[in-house]
Each structure stands twice: as structure tokens, then as C-alpha cells.
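Spelled out from the first residue to the last, the chains are:
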Amino acid sequence: LAQAPALARYSDALDALDSAVAVADAEGAPDIGVGVGGQYSRDVKERSFLIELGIPLPVFDTNQGGVAEARAAAAKGRMELRHALATTHATFERAYSDLLSAYHEAVTTRDELMPRAQELLDKTMAGYKAGKFRYFDALAAQEEFVETQEADLQARAAYAMALAEVERLIARELHDTESAAE
């Protein structure tokens, strides 16, 4: 699930929020200014060397509001990520459980129910042709076979839908399970 599309967007969003916190912190720090220069006085014919150091005193503006706002936004983003992780994990667990159930139903229908229905139909039709069964019995066997085929198709469709949901959640194909229900 690490590559899940539902979670991928949070990585960039959290990076942006962390950057906003760093910017807000930097805006609250005082800018230290340094200046160097020379001066010549014509009256006294003297040269002097000047060094200027400026340190603003952050008495009134330390950007505490901006820092707090940025940190709150970052905390909110992390909470949203945790919620998305929990939701995605729960959705995946449910989808995977549905996939396993659909797989077992499809395999059971294909391997057990369809052969039995086919055998029943074949025996009933042979018995009908030999005069052992009535026309109604042959129709009932055909109806049972068609219902079993429909159940088989529904089981395969449910498997395909469950597989598609799991693949959507993990953003990749699962090759190993596809041929099992065919």
C-alpha cells in the first residue's frame, strides 16, 4: 500500500507544509547586517575605516503567529495522513477478504458444481433418449445446468471485480491469481 494512489498525494503535501514551517521560523529570526567601509575627512586630512553591525531587536515581531499557524497546518496534514492510512488499510483488508472469498467461490463453482451439473445433464439426456426419463426431467436437468452456468459466470464476475478493486488500491496488477479462477 506504500504506492497506493490514495496516499501518494500526502507526501508532497507534507513536504510543502514542512517547508512552510521552516519559512515561518526563518521569518521570525532577526536579520543581522554587517557593513564595511572607509571614510576620508578633508578638514583633518584623515582616513578612517568603518565597520557597521546591525542586529534588529525582535521586540514586537517574532512571527510567532505565522510559526504557530504553519505548525498547526503541518500537524493537521499529518493527522489527515494518519486518517488516510487507516482508511486505506481498512479498505484494502475488506477488498482482499472479498477477493479471497470470490476466488474460492469461483474455483468451487468451476471445479465442483459445473462438472456435477454437466454430468447430471449428460445422464439425464441419455436416459431421456433411452426412454427412461420424461421430457419434464430433461428440461429440469437443462434448467439446472443453465442456473449453474449463471452462478459460475456470476462468481467469475465477482472475482474479477474484487481483483480490480485490490489492484486499484495497490496500483499494480496481480498476475498470480488471475489464471486461478479462469
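Residues numbered from 1 in each chain as written. Predicted model: local features only at pLDDT ≥ 70, side-chain atom pairs only at ≥ 80, totals over all residues. Heavy atoms only, no water.

S.K.: I tried to follow the overall build of the chain on my own but got confused; where do I start?
M.R.: For the chain, the count of helices and strands is three helices and two strands. Ordering the α and β elements of the chain from the N terminus gives α-β-β-α-α. Residues classed as buried in the chain amount to 24% of the 182 residues present. In the chain, once contacts between residues fewer than 6 apart in sequence are set aside, the share between residues at least 24 apart is 65%. Split by element, the accessible area of the chain, about 13100 Å² in all, is 56% carbon and sulfur. (Helix = DSSP H or I, 4+ residues; strand = E, 2+ residues; numbered from the N terminus. Buried < 20%, exposed > 50% of the residue type's maximum accessible area, 1.4 Å probe, protein only. Contact = heavy atoms within 4.5 Å. Areas by Shrake-Rupley, 256 points an atom, 1.4 Å probe, with all protein chains shown as cover.)

S.K.: Please clarify how the nonpolar core should be interpreted in this entry.
M.R.: Nonpolar side chains in soluble globular proteins generally cluster together in the buried interior. Ranked by size, the top nonpolar core spans 13 residues in total, and within it Phe92, Leu99, Tyr159, Leu163, Val166, Ile170 and Leu174 carry the most contacts. Breaking this core down by element, the ones donating at least two residues are α2 (64–129) and α3 (135–170). Looking at this core, the element that brings in the most residues is α3, giving seven residues. Non-local contacts of leucine 99, meaning those with residues more than four positions away in its chain, are made with Tyr159, Ala162, Leu163, Val166 and Leu174. (Core = buried A, V, L, I, M, F, W, Y, C linked by side-chain atoms within 4.5 Å.)

S.K.: I would appreciate a short explanation of the pattern of salt bridges in the present structure.
M.R.: When charged atoms on two side chains of opposite charge get close, those side chains can pair. Here the structure, examined in full by the defined rule, presents seven salt bridges. Taking the shortest distance from any N to any O, the salt bridge between arginine 78 and aspartate 18 comes out at 2.6 Å. Taken together, the positions of arginine 78 in helix α2 and aspartate 18 in helix α1 (residues 5–28) put the pair 60 residues apart, joining distant regions of the chain. The partner of arginine 110 in a salt bridge is aspartate 111, and the shortest N-O contact between them spans 2.7 Å. (Salt bridge = Lys/Arg side-chain N within 4 Å of Asp/Glu carboxyl O.)

S.K.: Explanation requested: the side chain of aspartate 152 in the structure shown.
M.R.: One can find aspartate 152 in helix α3. Not counting chain neighbours up to four residues away, the residues in contact with aspartate 152 comprise Ala106, Thr109, Arg110 and Met114.

S.K.: I keep staring at the pairing of strand β2 (residues 46–54) and nothing clicks. Help me out?
M.R.: The side chains of a regular strand alternate between the sheet's two faces. Within β2, only zero of the nine residues are buried, which leaves the element largely exposed. Alignment of strand β1 (residues 33–41) against β2, held across nine bridges, turns out to be antiparallel. Counted as the bridge partner of glycine 38 is phenylalanine 49 from β2. The antiparallel pairing of β1 with β2 creates a hairpin that spans four residues between the two strands, and lysine 45 there sits at a positive phi of about 55 degrees. (Pairing = 2+ DSSP bridges.)

S.K.: Where do I start with α3 in this structure?
M.R.: What sets the pattern is the α-helix's 3.6 residues per turn: residues three or four places apart point alike. For α3, which comprises 36 residues, the first-to-last C-alpha distance of 53 Å matches the rise-based estimate of 52 Å (1.5 Å per residue) to within 8%. The first or second residue beyond α3 is alanine 171, which carries a positive phi of 60 degrees. (Expected span 1.5 Å × (residues − 1).)

S.K.: I tried to follow the side chain of threonine 88 on my own but got confused; where do I start?
M.R.: Looking at the secondary structure, you find threonine 88 in helix α2. Assessed through its relative accessible area of 7%, threonine 88 is described here as buried. Setting aside anything within four residues of it in sequence, one finds threonine 88 in contact with Leu1, Ala4, Ala6 and Leu7.

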